[in-house]
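Descriptive analysis of the structure
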Amino acid sequence: MTDVNQARNLTLLMDFYEMTMAAGYFEEGYEEQIGVFDMFFRKVPDDGGFAIAAGLAQFCEIIDNLHFTEEDIEYLRSKNCFSEAFLDYLRHFEFHCNIWAVEEGTPVFPMEPLVIVEGPAIEAQLIETLLLVTFNHQSLICTKTNRIVRAAKGLPVMEFGSRRAQGYDGAVLGARAAYIGGVVGTACVLADRQFGIPALGTMAHSWVQMFPSEYEAFARYAKLYPDNCTLLVDTYNVLKSGVPNAIRVFNEVLAPMGIRPKGVRIDSGDIAYLSKKVRKMLDEAGYPDCGICASNSLDEYIVRDLLVQGAKLDSFGIGENLITSKSSPVFGGVYKLAAVRSGEHYEPKIKISETAEKITIPHLKNLYRIYDNETGKAMADLMTMYDETLDASKGLTLFDPVQTWKKRTFTGIHLKQLNVPIYVNGKRVYQTPPLEEIRRHCAEQVETLWDEVKRFENPHRYYVDLSQKLWDERQRLLNELSVN
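Residues numbered from 1 in each chain as written. Predicted model: local features only at pLDDT ≥ 70, side-chain atom pairs only at ≥ 80, totals over all residues. Heavy atoms only, no water.

- By the naming in an unreviewed UniProt entry, the protein chain goes by Nicotinate phosphoribosyltransferase and is assigned to Candidatus Ruthenibacterium merdavium.
- What UniProt records for the protein chain under Function (unreviewed entry) is the sentence "Catalyzes the first step in the biosynthesis of NAD from nicotinic acid, the ATP-dependent synthesis of beta-nicotinate D-ribonucleotide from nicotinate and 5-phospho-D-ribose 1-phosphate."
- Comment text from UniProt for the protein chain, heading Catalytic activity (unreviewed entry), reads "5-phospho-alpha-D-ribose 1-diphosphate + nicotinate + ATP + H2O = nicotinate beta-D-ribonucleotide + ADP + phosphate + diphosphate". (UniProt positions renumbered as here; feature names shortened; annotations may be inferred.)

Side note on the environment of Glu 18
- Within the secondary structure, Glu 18 sits in helix α1 (residues 16–27).
- Accessibility expressed as a relative area gives 0% for Glu 18, which makes it buried.
- Measuring from C-alpha to C-alpha, the distance between Glu 18 and Ser 139 comes to 23 Å, with 121 residues separating the pair along the chain.
- The residues contacting Glu 18, other than those within four sequence positions of it, are Gln 125, Leu 126, Glu 128 and Thr 129. (Helix = DSSP H or I, 4+ residues; strand = E, 2+ residues; numbered from the N terminus. Buried < 20%, exposed > 50% of the residue type's maximum accessible area, 1.4 Å probe, protein only. Contact = heavy atoms within 4.5 Å.)

Comments concerning the UniProt feature "domain: Nicotinate phosphoribosyltransferase N-terminal" (unreviewed entry) in the protein chain
- Here the UniProt-annotated "domain: Nicotinate phosphoribosyltransferase N-terminal" (unreviewed entry) positions come out as residues 12–134.
- Spanning residues 12–134, this segment combines 41% helix with 19% strand, and its end C-alpha atoms are found 14 Å apart.

Some words on the packing of aromatic side chains
- Applying the stated criterion across every chain yields a total of 20 aromatic pairs.
- The interplanar angle of 15° and the centroid separation of 6.4 Å between the aromatic rings of Tyr 25 and Tyr 30 together place this pair among those described as stacked.
- A ring pair is formed by Phe 86 and Tyr 89, whose centres lie 6.1 Å apart and whose planes are at 20°; its orientation type is stacked. Of this pair, Phe 86 and Tyr 89 both sit in helix α4 (residues 84–91), three residues apart, which is roughly one turn of the helix.
- Judged by its relative accessible area of 0%, Phe 86 falls in the buried class.
- What links up through ring pairs into an aromatic cluster is the set Phe 16, Phe 26, Phe 68, Phe 82, Phe 86, Tyr 89 and Phe 93. (Phe/Tyr/Trp six-rings, centres within 6.5 Å; stacked < 30°, edge-to-face > 60°.)

As for the sheet that holds strand β14 (residues 365–372)
- As summarised here, the arrangement of the four strands in space is β18-β14-β15-β21, forming an open sheet in which the pairing is mixed. The two strands at the open ends of the sheet, each matched to only one other strand, are β18 (413–417) and β21 (464–466). With direction set aside, neighbouring strand axes in the sheet form an average angle of 30°.
- Strand direction decides the pairing type here: β14 and strand β15 (residues 378–385), joined by seven bridges, are antiparallel. Paired with Lys 365 across the two strands is Met 385, which belongs to β15. (Pairing = 2+ DSSP bridges. Axes fitted to C-alpha atoms, helices over the stretch in contact; angles between N-to-C directions.)

Considerations on the pattern of salt bridges
- According to the stated counting rule, one finds 31 salt bridges in the structure shown.
- Residues Asp 46 and Arg 147 are paired through a salt bridge, measuring 3.9 Å at the closest nitrogen-oxygen approach. Placement of Asp 46 in the loop between β1 (34–41) and β2 (51–52) and of Arg 147 in helix α6 (residues 128–151) is noted, with a sequence separation of 101 residues between them.
- Classification of Arg 147 by relative accessible area gives buried; the value is 3%.
- Taking the shortest distance from any N to any O, the salt bridge between Glu 104 and Arg 176 comes out at 2.8 Å. Of the two residues, Glu 104 is situated in the loop between β3 (98–102) and β4 (107–108) and Arg 176 in helix α7 (residues 168–181); the sequence distance between them amounts to 72 residues. (Salt bridge = Lys/Arg side-chain N within 4 Å of Asp/Glu carboxyl O.)

Below is the structure:
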């Protein structure tokens, strides 16, 4: 079972203006007017070098289930602002849009269309919030997770944040996004049942406190779960009682069974210092294979610093800073009109702002990634008009759309189109890959990025360029519509 939305109809999860605009389009005879909308973001969370797209599977589930119930219709009638003709339109609502999207787990960059929706204006408008809340949340958590996983330098990271998540969906879908981003498992049992993400965890401090002594708490747990015995050693004192009692249980309970302990977890204190002492104690007791897990409000910077300080750690449990992306809690994806279509003709639309980053990129577009044939590395991305044909065999010359004097010719390359068809005329044509495949795709694609792009501080700017034809069209609209 993977459909977390099957028991709910989320069609009314929208901003009210989407409904009033839809009704306005209907009353003005615009219900058949075709619009092209782009979903994109303007800034990478945490000032990082890239983000990771996630949420497409859940978005497809929502679109597959779009419908207005009689209860929905009655609610909208009670607002006293919609005509009976419009309500009847909603009663018989059908979805006819074309949708293209970047596949989950793909690194993405500002201004790139993660999702393109082309279809009747009413339909495209009504799904705005559903689209944004789905992609914004999971892309945010996936991006943050990948930063933490990269900081861990190959050591396992576990998602421990359910209780600090922003609601139930934040916990379950956050765990899914974190798994795509690279965690090995989650504390969330529902995420395991729903998506098959390995549920991990042992005990809380309350288990240790519940028993007459720390030793007895450890011993009882070891007898119950001998094959997965990881003990939380910081309830009272890590070095004076926690680890000595853990070693005693390993010797007196597990050793007679012929079972080796899995590990100990440190959840407070100076983890770098404590981990070194704990490692020495475990090694001297004959348990060099007993792992040490660290938790306690960790993030990518603390994880990185712990390893720089030589902390003797084997895994990390990350909670609130991961599941809420606490340091940068908003992804900032937006949904903007890029064109309207009449027959086979597209009329480009642009939003102009005094803030350069808020000026949109018009028209129905394609998005390509340029890979170097020799290294396999991603060199740049290119946005083109929908009807342009590219020939990489002769090389491509790209220019920066802002600093236009910066040009580079790429040779020995191949292209991959990133925006793939998801819906054609309202019918889904895309089969969501298994979660493990999405996770593997994410890891592989992040590896195609240069290390300079993956820096946490001051990452190299990955170039997202416009084709000459698209740039010319944008400049034409800017010149025509700008107010002197």
